[in-house]
Amino acid sequence: MPEYEFVDVYVPRGVSRKEATRLLTDHAEYGHWELDRLTLHRDGSRRVRLRRRIIRQVRATW
């Protein structure tokens, strides 16, 4: 079973859809994050949960 780490990003209501898309694209490209969940609130703000896989290093034994 893969392990993930999560980060929550809050996007206020004044941010356009295009700007929010650019923000999330930057997170995806440079931080290797992927979209886990998006919650759209009544006031127009968004709460986005991003995730990325945790890759564990296996210790080499000699």
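Residues numbered from 1 in each chain as written. Predicted model: local features only at pLDDT ≥ 70, side-chain atom pairs only at ≥ 80, totals over all residues. Heavy atoms only, no water.

## What to know about the packing of aromatic side chains
Moving on, step 1. Tallied over the full model, the rule gives zero aromatic pairs.
Moving on, step 2. A cation over a ring is seen here: Arg51 above Tyr4, with NZ or CZ 4.3 Å from the ring centre. (Phe/Tyr/Trp six-rings, centres within 6.5 Å; stacked < 30°, edge-to-face > 60°. Lys NZ or Arg CZ within 6 Å of the ring centre and 35° of its normal.)

## Regarding the sheet that holds strand 3 (residues 46–53)
For sheets, the rule is that strands pair by backbone hydrogen bonds, running either parallel or antiparallel.
Moving on, step 1. With antiparallel pairing, three strands are arranged side by side in an open sheet as 1-3-2. Across the chains shown, the open sheet's two edge strands, defined by having one partner strand only, are strand 1 (4–11) and strand 2 (34–40). Each strand axis lies, on average, 20 degrees off the axis of its neighbour in the sheet, ignoring direction.
Moving on, step 2. Helix-sheet contacts for helix 1 (residues 17–31) involve strand 1 and strand 3, and the interaxial angle to strand 3 is about 15 degrees. (Pairing = 2+ DSSP bridges. Helix = DSSP H or I, 4+ residues; strand = E, 2+ residues; numbered from the N terminus. Axes fitted to C-alpha atoms, helices over the stretch in contact; angles between N-to-C directions. Contact = heavy atoms within 4.5 Å.)

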